[in-house]
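# A closer look at the structure
Chain by chain, the residues:
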Amino acid sequence: QFWYIRDLMVTVLLSPAIYWAIKRLKFVFVVILGALCFGGIKLPVLQIGFTIPFFFSIGAYFSIHGKDLSQTTLSWRNVTLGVYALLWVAYLLLAHYSKLEECTWFEQVVPLCSVFMLFGWVSYLLQRKSVGWPSWINSSVFFLYAYHGIVIAFCLKLWLKFVPLSELNLLLGFVVLPML
């Protein structure tokens, strides 16, 4: 579960090189990392993927070039919501007509789309003052990250006791339970 922290530490060590590449290549570098991430390529020496460096580089790009991530995602919130919904429909159709193993692209594309969608919609809700940010979250973020997998696994087991075991119900559990 803590692979993320290991990859993040390596990415932080590589941050001077990432900074240099973003200054020189601009968004092209982010696109190259995205292609490596979606291609499932790993750094051979460290055996880490490009997921963390890719997302780190997106944030670094926005920061280095003085762009506001929340404003950018705010203007694209409806588009990303539509794309996110279409991705789930495509996944369900492909999962129904083929094997789930053939849908590996989903695991790479959906997190990217969902991050931008969530940034946009949370920015929108915060600007409208529809939601607030509880102060206790600031001191609890790591605990929530470290513990969420255990809670979701428990809730998923409980969920599957009340619904028939099927791929669709399992998928719905993975989608619905984290939102609760």
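Residues numbered from 1 in each chain as written. Predicted model: local features only at pLDDT ≥ 70, side-chain atom pairs only at ≥ 80, totals over all residues. Heavy atoms only, no water.

## Some details on the packing of helix α2 (residues 15-25) against helix α3 (residues 27-38)
Where α2 meets α3, the closest approach of the two axes is 6 Å, and the angle between their N-to-C directions is 120°. Between α2 and α3, the interaxial angle falls into the category oblique. Contacts between α2 and α3 involve Ile18, Ala21, Ile22 and Leu25 on the former and, on the latter, Phe27, Val28 and Phe29. Residue composition of the contact of α2 with α3, by class: seven nonpolar, no polar and no charged. (Axes fitted to C-alpha atoms, helices over the stretch in contact; angles between N-to-C directions. Helix = DSSP H or I, 4+ residues; strand = E, 2+ residues; numbered from the N terminus. Parallel < 35°, antiparallel > 145°, perpendicular 65-115°, else oblique. Contact = heavy atoms within 4.5 Å. Nonpolar A, V, L, I, M, F, W, Y, C, P; charged D, E, K, R; others polar.)

## Observations concerning unusual backbone geometry
Phi angles above zero are rare outside glycine, and Lys26 is one such case at about 55°. Position of Lys26 relative to the elements: it lies in the loop between α2 and α3.

## Description of the nonpolar core
Counting residues in each nonpolar core, the largest one holds 14 residues, and the members touching the most others are Ile22, Phe29, Val30, Leu33, Phe54, Ile58 and Tyr61. Put simply, the parts of the chain that give this core at least two residues each are α2, α3 and α4 (51-64). The element contributing the most residues to this core is α4, with five residues. When residues no more than four places from it in sequence are discounted, the contact partners of Phe54 are Val30, Leu33, Gly34, Cys37, Phe38 and Leu112. (Core = buried A, V, L, I, M, F, W, Y, C linked by side-chain atoms within 4.5 Å. Buried < 20%, exposed > 50% of the residue type's maximum accessible area, 1.4 Å probe, protein only.)

## Regarding the environment of Gly82
With respect to the helices and strands, Gly82 occurs in helix α6 (residues 77-97). Along the sequence, Gly82 and Met117 sit 35 residues apart, while their C-alpha atoms lie 9.3 Å from each other.

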